[in-house]
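If you want the building blocks of each chain, they are given just below.
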Amino acid sequence: MSDAYLALEGGRVLEARARAPGTARGELVFTTAYTGYEESLTDPSYEEQVLTFSYPLIGNYGVRDERFESDRIHPTAAVALELTDDVAEWLTAEGVPAIDHIDTRDLVTEIRDEGAMKCGIAAGPEVTPEDALAELDACKGMSEHTDIGAQVSVDERYVVEGEGEYDVALIDCGAKGSITSSLTDRGADVHVLPYDTTPAEIRELDPDVLFISNGPGDPANFGAAQELVEEFVGDLPIAGICLGQQVVARALGGETEKMVFGHRGVNQPVRDLRSGRVVMTTQNHGYTVSEPGDLDVTQVNVNDDTPEGLDSDELGVLTRQYHPEANPGPHDSLDFFDRVLELVDRPVATAD
Ligand SMILES: NC(=O)CC[C@H](N)C(=O)O
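None of the values given here were measured: they were computed from a predicted structure.

## Points about a nonpolar patch on the surface
Phase 1 of the analysis: On the surface, Y34, Y55 and L57 cluster together into a nonpolar patch covering about 280 Å² of accessible area.
Phase 2 of the analysis: By the element assignment, Y34 lies in the loop between β3 (22-31) and α1 (37-41).

## Remarks on the domain arrangement of the chain
Phase 1 of the analysis: Per the domain assignment, the segments of the chain are domain 1 (4-140) and domain 2 (148-345).
Phase 2 of the analysis: Measuring from the centre of the C-alpha atoms in domain 1 to the corresponding centre in domain 2 gives 27 Å.
Phase 3 of the analysis: Between domain 1 and domain 2, roughly 1,900 Å² of surface is buried when both sides are summed, and carbon and sulfur atoms account for 51% of that area.
Phase 4 of the analysis: The largest share of the area that domain 1 buries against domain 2 comes from P44, S45 and E69, three residues that together contribute 29% of it.
Phase 5 of the analysis: Applying the counting rule to domain 1 against domain 2 returns one salt bridge.
Phase 6 of the analysis: Where K258 meets E27, a salt bridge forms, and the shortest distance between an N and an O atom there is 2.6 Å.
Phase 7 of the analysis: On the surface where domain 1 and domain 2 come into contact, there are 13 residue pairs in polar contact (both at pLDDT 80 or more).
Phase 8 of the analysis: At the level of secondary structure, the elements contributing two or more residues to the side of domain 1 that touches domain 2 comprise β3 and α3 (104-114).
Phase 9 of the analysis: Ranked by residue count, the leading element in the side of domain 1 that touches domain 2 is β3, at four residues.
Phase 10 of the analysis: Taken together, the residues of the side of domain 1 that touches domain 2 sort by class into eight nonpolar, eight polar and eight charged.

## Topic: the UniProt feature "active site" (unreviewed entry) in the chain
Phase 1 of the analysis: UniProt tags C242, H323 and E325 as "active site" (unreviewed entry). Over a stretch of 84 residues, the named residues converge on one spot in the fold, their C-alpha atoms separated by at most 11.1 Å.
Phase 2 of the analysis: The topology assignment puts H323 in the loop between β19 (317-320) and α10 (335-342).
Phase 3 of the analysis: Residue classification places H323 among the buried residues on the basis of a relative accessible area of 1%.
Phase 4 of the analysis: Sequence-distant contacts of H323, that is, excluding residues within four places in its chain, are made with K176, N214, I241, C242, T282, Q283 and N284.
Phase 5 of the analysis: Apart from the residues lying within four places of it in its own chain, the contact partners of E325 are K176, S178, I179, S182, I241, L334 and F337.
Phase 6 of the analysis: Here the side chain of E325 touches K176 through a polar contact of 3.1 Å, side chain to side chain.

## Concerning the pairing of strand β12 (residues 188-194)
Phase 1 of the analysis: Counting buried residues in β12 gives seven out of seven residues, a clear majority hidden from the surface.
Phase 2 of the analysis: The sheet contact formed by strand β10 (residues 158-160) and β12 spans three bridges and is antiparallel. If you follow V159 over to β12, its bridge partner there is H191.
Phase 3 of the analysis: Across seven bridges, strand β11 (residues 166-172) lies against β12 in parallel orientation. Opposite D172, over in β12, you have P194 as the bridge partner.
Phase 4 of the analysis: Traced from β11 through helix α6 (residues 177-184) to β12, the parallel crossover comes out right-handed.

## Examining the confidence of the model for the chain
Phase 1 of the analysis: On average, residues of the chain carry a pLDDT of 96, and 98% of them reach 70 or more.
Phase 2 of the analysis: Listed scores for the predicted complex are pTM 0.97 and ipTM 0.97.

## Some remarks on the environment of N284
Phase 1 of the analysis: By secondary structure assignment, the location of N284 is in strand β16 (residues 278-291).
Phase 2 of the analysis: C-alpha of N284 to C-alpha of C119: the two residues are 165 residues apart in sequence and 19 Å apart in space.
Phase 3 of the analysis: The contacts of N284, once residues within four sequence positions are left out, are D43, S45, Y46, C242, H263, R264 and H323.
Phase 4 of the analysis: A distance of 3.1 Å separates a polar atom in the side chain of N284 from a polar atom in the side chain of D43.

Criteria and cut-off values
Residues numbered from 1 in each chain as written. Predicted model: local features only at pLDDT ≥ 70, side-chain atom pairs only at ≥ 80, totals over all residues. Heavy atoms only, no water. Patch = residues over 30% accessible without salt bridge, like charges linked within 9 Å, V, L, I, M, F, W, Y side chains within 5 Å. Areas by Shrake-Rupley, 256 points an atom, 1.4 Å probe, with all protein chains shown as cover. Salt bridge = Lys/Arg side-chain N within 4 Å of Asp/Glu carboxyl O. Helix = DSSP H or I, 4+ residues; strand = E, 2+ residues; numbered from the N terminus. Domains from an automatic or database assignment. Buried area = accessible area lost by both parts, 1.4 Å probe. Polar contact = N/O pair within 3.5 Å; in protein donor to acceptor, adjacent residues only side chain to side chain. Nonpolar A, V, L, I, M, F, W, Y, C, P; charged D, E, K, R; others polar. UniProt positions renumbered as here; feature names shortened; annotations may be inferred. Buried < 20%, exposed > 50% of the residue type's maximum accessible area, 1.4 Å probe, protein only. Contact = heavy atoms within 4.5 Å. Pairing = 2+ DSSP bridges. Right-handed = clockwise from strand over helix to strand, strands pointing away. pLDDT = per-residue confidence, 0-100.

In structure tokens:
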């Protein structure tokens with residue numbers, strides 16, 4: 001008898017072992033990252049998703065909070081072939097269900113073939129397959145989480161001080177902590193602001209850069225951040241990471257679309273079209289920019305040619321689809337933060 005079940009969209013139920021009890025639902029996605037499970041589990045971009053690790057053994061370095069990207073676990077549940085006791089205890093203590101002893105090779109292949117899908121999970125001594133199916137029934141699609149920003153953003157703004165050389169307005173759509181530290185390390189003071197900050201509030205703050213963070217779900221559900229970009233383009237340098245790239249593109253006449261299974265891992269190759277150089281990047285996204293609008297595509301994914309970097313010299317805009325802050329991950333692209341701060345010292349043209 002199993003003590004855990006995973007119900008997949010379509011109704012197939014897989015048996016597993018319970019490692020942290022409870023029921024959960026979400027969009028089933030996978031990461032190919034073989035390291036950085038503490039960073040991934042605390043990445044707010046995984047909100048409302050069930051995270052499957054394709055790497056078979058997760059948790060062998062224990063759990064250390066200095067590696068956390070936020071103050072809680074964000075995926076609604078975790079799935080792996082084998083979770084160590086340390087990571088299972090952490091998930092249990094945080095009330096996040098987890099299951100293992102499931103063939104993640106088959107599961108990841110299915111997600112690759114069928115796409116990221118809804119799922120339901122039930123784990124614990126008393127659960128039945130019907131409990132997992134009930135969770136699946138109640139599961140919403142990612143784009144239906146229309147106010148997902150409220151689940152992950154700060155309620156009140158705060159400042160993280162660097163050296164006071166620049167004032168960055170970081171719109172927190174679910175920002176990873178290391179985006180802030182990458183900026184403070186370079187002398188900037190970072191004003192972490194709620195996802196629904198208004199143009200009037202930005203005007204009052206009078207920052208040097210408007211920076212749209214990463215975040216969960218469909219970028220179409222971040223209308224307030226999009227409005228900020230529309231309002232300040234040409235007046236302020238604008239930067240974005242991941243969801244931030246998607247929001248900036250949408251604000252500047254571009255479009256986004258959902259990918260089949262997305263990019264999640266720490267070895268995604270990205271080619272810079274100007275230098276020809278390829279860098280290895282950390283990624284976590286399920287949507288992509290399908291039309292760049294007023295921006296130029298300057299970097300593409302070597303595997304599938306999707307846009308990885310957009311910019312406009314004229315408008316003072318610079319964005320990345322991947323995670324240059326690289327926690328976890330290769331540090332090949334940390335210079336993105338230097339490029340963003342250089343925009344402050346460059347004059348920008350007006351949008352019209
Ligand atoms: N890490 C992110 O910012 C993810 C962006 C968006 N939620 C996506 O899935 O594409």
